[in-house]
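# A structural walkthrough
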Amino acid sequence: MTHLEIMKFRHACKIFDENKKVGKADFDAILQAGILAPSYMGLEHWDFLIVQNKALREQIREKSWDQQQITTCSHLVVILAKIKEFKAGGTYIAEAINRRSFASEEKRASALKFYEDAISGIFKNDDEAIFHWSHAQCMFPALVMMNEAASRGIDSCPIEGFDRTALNEILGIDWNDRRVALLVPFGYRVKPQPQKIRRSIDDVVKWIE
Ligand SMILES: Cc1cc2nc3c(=O)[nH]c(=O)nc-3n(C[C@H](O)[C@H](O)[C@H](O)COP(=O)(O)O)c2cc1C
């Protein structure tokens, strides 16, 4: 498939075939694609939880507008947006810097200071501001995972129709540490995909020459 064909195949699948499971090699490739997603300063603002437990999925569905994708999918990925790691005193930014190579220790220290100052300057240690920033970054792994899946004939659906506070509670995640950004179920469609409805290119795109 060309990339455009992949984009046309991907759609927000509303129900999955419960008898068809995504194979390990395919799912590993989907996760690998997510890990390769771009992020602001390369800080990978996310963690992925794969929820396969049936009882937990039922609880999540109940707090997600009763959407059946959550319980019928083969694999349910919960993307978590990091907050606490980006606040003063955290070690996460230093760990990210330490994975990279620098010409000298001074250059490493100066890069770390630049990142920490920039982040504390922009977001001022405010949980809501950091969450909005991290949440926006989480859309990148979500999209690349969905496209990788589509390239393999696997369906998906981005889901943000949920009660975020309730989902955090169900998953036992501290609200000030990380928050559920998006659910992405993967599996195989049972119904034909509907026609894509979009604005025209002329309406969306304006050229400045
Ligand atoms: C951030 C986000 C949240 C979404 N939440 C839901 C959702 O809760 N349930 C759902 O069925 N679709 C959800 N969608 C899918 C959109 O409704 C869908 O992408 C859009 O209608 C275009 O259709 P298509 O993806 O099939 O081309 C969401 C999409 C995005 C980007």
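Residues numbered from 1 in each chain as written. Predicted model: local features only at pLDDT ≥ 70, side-chain atom pairs only at ≥ 80, totals over all residues. Heavy atoms only, no water.

### Let's talk about the packing of helix α3 (residues 54–62) against helix α8 (residues 164–171)
- Packing of α3 against α8 brings their axes to within 9 Å, and their N-to-C directions diverge by 165 degrees. In terms of orientation, α3 and α8 fall into the roughly antiparallel class. Crossing geometry of α3 relative to α8 is assigned as right-handed. In this structure, α3 contributes Leu 56, Gln 59 and Ile 60 to the contact, and α8 contributes Leu 167, Ile 170 and Leu 171.
- Among the residues forming the contact of α3 with α8, the class breakdown is five nonpolar, one polar and no charged. (Axes fitted to C-alpha atoms, helices over the stretch in contact; angles between N-to-C directions. Helix = DSSP H or I, 4+ residues; strand = E, 2+ residues; numbered from the N terminus. Parallel < 35°, antiparallel > 145°, perpendicular 65-115°, else oblique. Left-handed = near helix turned anticlockwise from the far one by under 90°. Contact = heavy atoms within 4.5 Å. Nonpolar A, V, L, I, M, F, W, Y, C, P; charged D, E, K, R; others polar.)

### Observations regarding the site of the ligand
- Around the ligand there are 14 residues in total, and Ala 12, Lys 14, Gln 67, Lys 196 and Arg 198 lie nearest to it.
- A distance of 2.8 Å separates an oxygen atom of the ligand from a polar atom in the backbone of Ala 12.
- Protein chains bury 62% of the 620 Å² of accessible surface belonging to the ligand in isolation.
- Per-class residue counts for the shell around the ligand are five nonpolar, four polar and five charged. (Near = heavy atom within 4 Å. Polar contact = N/O pair within 3.5 Å; in protein donor to acceptor, adjacent residues only side chain to side chain. Areas by Shrake-Rupley, 256 points an atom, 1.4 Å probe, with all protein chains shown as cover.)

### Side note on the packing of aromatic side chains
- Per the counting criterion, the structure on display carries six aromatic pairs.
- Ring plane angle 70 degrees and centroid distance 6.3 Å describe the contact between Phe 27 and Phe 186, whose orientation is recorded as edge-to-face. Of the two residues, Phe 27 is situated in helix α2 (residues 24–35) and Phe 186 in strand β4 (residues 178–187); the sequence distance between them amounts to 159 residues. You'll find Phe 27 and Phe 186 in the same group, each marked buried.
- The lysine or arginine in question, Lys 20, covers the ring of Tyr 188, its NZ or CZ lying 4.8 Å from the ring centre. (Phe/Tyr/Trp six-rings, centres within 6.5 Å; stacked < 30°, edge-to-face > 60°. Buried < 20%, exposed > 50% of the residue type's maximum accessible area, 1.4 Å probe, protein only. Lys NZ or Arg CZ within 6 Å of the ring centre and 35° of its normal.)

### Concerning the side chain of His 45
- Its location among the elements puts His 45 in the loop between α2 and β1 (46–50).
- Setting aside chain neighbours within four positions, we find His 45 in contact with Ser 39, Tyr 40, Leu 80, Ala 81, Lys 82, Phe 86, Trp 133, Ser 134, Gln 137 and Cys 138.

### What to know about the environment of Leu 182
- Structurally, Leu 182 is set in strand β4.
- Judged by its relative accessible area of 4%, Leu 182 falls in the buried class.
- Taking C-alpha positions, Leu 182 is 18 Å from Tyr 40, a pair spaced 142 residues apart along the chain.

### What about the side chain of Gln 137?
- Here Gln 137 shows up in helix α7 (residues 127–151).
- Apart from the residues lying within four places of it in its own chain, the contact partners of Gln 137 are Ser 39, Tyr 40, His 45 and Trp 46.

### Some remarks on α3
- Looking at α3, one finds that the buried residues are Arg 57, Ile 60 and Arg 61. Down the axis of α3, the sector holding all buried residues measures 100 degrees, keeping them to one side.
- Considering only its buried residues, α3 is in contact with α4 (69–72), β2 (75–82), α8 and β4.
- The distance from a side-chain oxygen at the start of α3 to the backbone nitrogen of Ala 55 is 3.1 Å, and the residue carrying that oxygen is Asn 53. (Arc of directions from axis to C-beta.)

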